[in-house]
Amino acid sequence: MPTNGLHQVLKIQFGLVNDANRYLTAESFGFKVNASASSLKRKQIWVLEPDPGQGTAVLFRSSHLGRYLSAEEDGRVACEVDRPGRDCRFLVLPQPDGRWVLQSEPHGRFFGGTEDQLSCFATAISPAELWTVHLAIHPQAHLLSVSRRRYVHLCLQDDEMAADGDMPWGVDALLTLIFQSRRYCLKSYDSRYLRSDGHLVWEPEARACYTLEFKAGKLAFKDCDGRYLAPVGPAGTLKAGRNTRPGKDELFDLEQSHPQVVLVAANHRYVSVRQGINVSANQDEELDHETFLMQIDQETKKCTFYSSTGGYWTLVTHGGIQATATQVSAQAMFEMEWHGRRVALKASNGRYVCMKKNGQLAAVSDFVGADESFILKLINRPILVLRGRDGFVCHRRGSNQLDTNRSTYDVFHLSFRDGAYQILGRGAGFWYIGSHGSVCSDGDLAEDFLFEFRERGRVAIRALSGKYLRGGASGLLRADADLPLGEALWEY
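Heads up: these notes are all about the structure in this document. Predicted, not measured: the structure shown is a model, and the values here were computed from it.

So, on to the overall build of the chain. Secondary structure summary: the chain contains zero helices and 48 strands in total. Taken against the 2.2 N^0.38 rule, which gives 23 Å for 492 residues, the C-alpha radius of gyration of the chain at 24 Å falls within 12% of a compact globule. Counting only C-alpha atoms and orienting by the principal axes, one finds that the chain spans roughly 80 × 55 × 45 Å. A burial count over the chain gives 56% of its 492 residues as buried. Within the chain, contacts between residues separated by at least 24 positions form 52% of all contacts whose residues are at least 6 apart in sequence. Accessible surface for the chain amounts to roughly 20900 Å². Of this, 46% is attributable to carbon and sulfur atoms.

This is the structure:
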């Protein structure tokens, strides 16, 4: 049976880019390593693990091989051992410009080189030994303060970010990590950047860029003066403190950002738990009681809805739906069917959820009609980053088309209208379907796209032609897939 997963810490995966702008690669053949790849794909993804001996050293594990980077006394490097030993221990030395130097702990030499001429034998640091950290996780997440156990969110009334939320509820808890000149920026949902003095600015200026550091699986953000972001004062205002070494106050977890949605029934009212435990379509505005965290189970593809009052929707006697479940069970899971601009929900009793005359929801219908159809609106992705099997979606240089295999990403803006979404790219151009199914991004008028949330963390995007968007062999975004599978699913 599925288990609860409200708080899921993201496993930090990344690529290492050398001074020649090439990624460290672990090859399957001979377990050799090189720095020849120009983009971040499966073979270029690494996971940082703490030293089992509880020292300051770390281990680098290839994500696709499951084996560890090692450096012998003569400088030879490989990625072949499946159980880390003494030669696998490295020290990470962050540099002022945000890059890392990797030093073999047992041998004291530095790791670097170009192409297939990599070694760990340098006695001094040159540009060849400098590595840029490029996160391979989806960049939109929640940020949890380790010391305060509170979530960071945007406080519009105080014009700041603060770590004071018990739950990452609402759009203000969504943060986007922006890769900028070998450093990272923290971008709020309204497209502002956090500066190290706690102020929010519209441009990613130098004091709004941070070097990432990892400590015991946690994340720290170091500013250009060598100080670290931390929650400060009773309000938990996020700014750089005095510390030049990361302690518990300076450490954060990145957690997966599940979709948060509102639903509108046939009576044009929002589904809500405002008036008690019964889930009813009886409200005219979307606030906390009308917002539900939606999770999709990996195995069954069924979804749960978690309310701001702390309960899951669950099927009760006579088909009623109440937000009272504290654990995920079969009665708390719903099968979602997509009907164009509307969705239908089937409960564990095999009946469809419908709106009764008094507005209450109940799973008592055998067929889908108007009362069984709902508008489902995603509210915590006003800015959107899409990643497919081959990489991120990004504007193609010198063209109005979109690439789907880039290691960097563009941020798009999302709006909603009557069950469909409109996607705005840079230069105030909207997405639309051009000739031969290609997706273009310079439209003057907004074209509707349908979002179907098919798997956990993944969405299928359907054009009005009925075709799904996918990234083909050419690397171009096209609307030509018949089914929402494989290349037609996007991490968002």
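Across six bridges, the pairing between strand β44 (residues 449–455) and strand β45 (residues 458–463) is antiparallel. Across the sheet, Glu 452 pairs through a bridge with Ala 460, a residue of β45. With antiparallel pairing between neighbouring strands as the criterion, β44 and β45 make up a hairpin whose turn holds two residues, including Gly 457 at a positive phi of roughly 75°. One ladder, built from two bridges, connects β45 with strand β48 (residues 490–491); its direction is antiparallel. Counterpart to Arg 458 in the pairing with β48 is Glu 491.

What follows covers the nonpolar core. The biggest cluster of nonpolar side chains holds 57 residues, and the ones touching the most others in it are Phe 14, Phe 60 and Phe 221. In this view, Phe 14 contacts Gln 44, Ile 45, Trp 46, Val 47, Leu 48, Phe 60, Trp 100, Val 133, His 134, Leu 135 and Ala 136; residues no more than four positions away in its chain are not counted.

This part is about the layout of surface pockets. Taken as a whole, the largest pocket spans an internal volume of roughly 930 Å³. Across the lining of the largest pocket, the residue classes break down as ten nonpolar, 14 polar and twelve charged.

Unusually for a residue other than glycine, His 268 sits at a positive phi of about 65°. In this structure, His 268 sits in the loop between β25 (260–264) and β26 (270–272). Overall, the relative accessible area of 68% leaves His 268 in the exposed class. Despite not being glycine, Asp 418 has its phi angle at roughly 50°, a positive value.

What follows is about the pairing of strand β3 (residues 33–37). Most of β3 is tucked away: four of the five residues are buried. Pairing between strand β2 (residues 23–26) and β3: three bridges, direction antiparallel. When the bridges of β3 are listed, Tyr 23 appears paired with Ala 37.

So, about the state of the cysteines. All chains considered together, the criterion is met by zero disulfides. No disulfide involves Cys 354; its nearest neighbouring cysteine sulfur is the one of Cys 303, lying 17 Å away. Just so you know, Cys 394 is unpaired, no disulfide at all, and the nearest cysteine sulfur is the one on Cys 440, 16 Å from it.

Along the chain, Arg 192 falls in the loop between β17 (183–187) and β18 (193–194). Polar side-chain contacts of Arg 192 include one of 2.6 Å to the side chain of Asp 159. Of the polar contacts made by the side chain of Arg 192, one reaches the side chain of Asp 190; its length is 3.0 Å. Residues contacting Arg 192, with those up to four places away along its chain left out, are Leu 154, Leu 156, Asp 159, Leu 186, Lys 187, Leu 200, Val 201 and Trp 202.

This paragraph deals with the packing of aromatic side chains. With the rule as written, the count across this model stands at 22 aromatic pairs. Measuring from ring centre to ring centre gives 6.4 Å for Tyr 210 and Phe 221, while their planes differ by 85°; the resulting arrangement is edge-to-face. You can see Tyr 210 sitting in the loop between β19 (200–201) and β20 (211–215) and its partner Phe 221 sitting in strand β21 (residues 218–222), a full eleven residues away along the chain. Judged by relative accessible area, which is 1%, Tyr 210 ranks as buried. Each member of the aromatic cluster is reached from another via a ring pair, and the members are Phe 14, Phe 60, Phe 90, Trp 100 and Phe 214. Directly above the aromatic system of Phe 121 lies the positively charged group of Arg 109, at a separation of 4.3 Å from the ring centroid. A cation sits over an aromatic face here: Arg 192 above Trp 202, 5.6 Å from the ring centre.

Moving on: the pattern of salt bridges. Oppositely charged side chains may form a pair once their charged atoms are brought near each other. Tallied over the full model, the rule gives 35 salt bridges. The closest approach of N and O atoms between Asp 448 and Arg 417, which form a salt bridge, is 2.8 Å. You can see Asp 448 sitting in the loop between β43 (439–443) and β44 and its partner Arg 417 sitting in strand β40 (residues 412–417), a full 31 residues away along the chain. The salt bridge partner of Arg 478 is Asp 480, with a shortest N-O separation of 3.3 Å. It is possible to trace a salt-bridge network through shared partners that takes in Arg 470, Arg 478, Asp 480 and Glu 487.

Now for the environment of Arg 148. Within the secondary structure layout, Arg 148 lies in the loop between β13 (140–145) and β14 (150–155). The class for Arg 148 is partly exposed, based on a relative accessible area of 30%. Between the C-alpha atom of Arg 148 and that of Gly 419, which follows or precedes it by 271 residues, the distance is 39 Å. Leave out the neighbours within four places in its chain, and Arg 148 touches Ala 163, Pro 231, Val 232, Gly 233, Pro 234 and Gly 236.

Reading guide: rules and limits
Numbers given to residues run from 1 along each chain, matching the order in which its sequence is written. The predicted nature of this model means local features are confined to residues of pLDDT at least 70 and side-chain atom pairs, given and counted, to a pLDDT of 80 or more, with totals for whole chains, interfaces and linings taken over all residues. Hydrogens are left out, water is left out, and the side-chain values use all remaining heavy atoms of the structure. We count a stretch as a helix when DSSP gives it H or I for four or more residues in a row; a strand needs E for two or more, and each element gets its number in order from the N terminus. The reference for a compact globule is 2.2 Å times residues^0.38; the radius of gyration itself is calculated from the C-alpha atoms. Only protein chains enter the calculation, and the probe is 1.4 Å; a residue is then buried if its accessible area is under 20% of its type maximum, exposed if over 50%, and partly exposed in between. Note on contacts: a residue pair is in contact if any heavy atoms of the two residues lie within 4.5 Å. Computed with a 1.4 Å probe, the accessible areas rest on the Shrake-Rupley method; for each residue, only the protein chains presented here act as cover. A strand pair is defined by DSSP finding two or more bridges across the two strands. Only buried residues count toward a nonpolar core. Its members are Ala, Val, Leu, Ile, Met, Phe, Trp, Tyr and Cys residues joined through side-chain atoms within 4.5 Å. Space inside and on the surface of the protein is sampled on a 1 Å grid over the protein atoms alone, with a cavity defined as a set of points where a 1.4 Å probe fits but cannot get out and a pocket as an open set with protein on both sides within 12 Å along at least 5 of 7 lines; lining residues have an atom within 4 Å of a point. Grid points are joined across faces, edges and corners, and a volume is the space filled by probe spheres set on the points. All residues other than Ala, Val, Leu, Ile, Met, Phe, Trp, Tyr, Cys, Pro, Asp, Glu, Lys and Arg, Gly among them, are scored as polar; the first ten of these are nonpolar and the last four charged. Here, a disulfide means two cysteine sulfur atoms that sit within 2.5 Å of each other. We call two N or O atoms a polar contact when they sit within 3.5 Å, provided that within protein one can donate a hydrogen and the other can accept it, with sequence-adjacent residues counted only if both atoms are side-chain atoms. Here the aromatic set is Phe, Tyr and Trp, taking the six-membered ring for Trp, and pairing holds for ring centres within 6.5 Å; pairs whose planes are under 30 degrees apart are stacked, those over 60 apart are edge-to-face, and all others are tilted. Only Lys NZ and Arg CZ are tested; either one counts as a charge over a ring when it is within 6 Å of the ring centre and within 35 degrees of the ring normal. Definition used for salt bridges: Asp or Glu carboxyl oxygen within 4 Å of a side-chain nitrogen of Lys or Arg.

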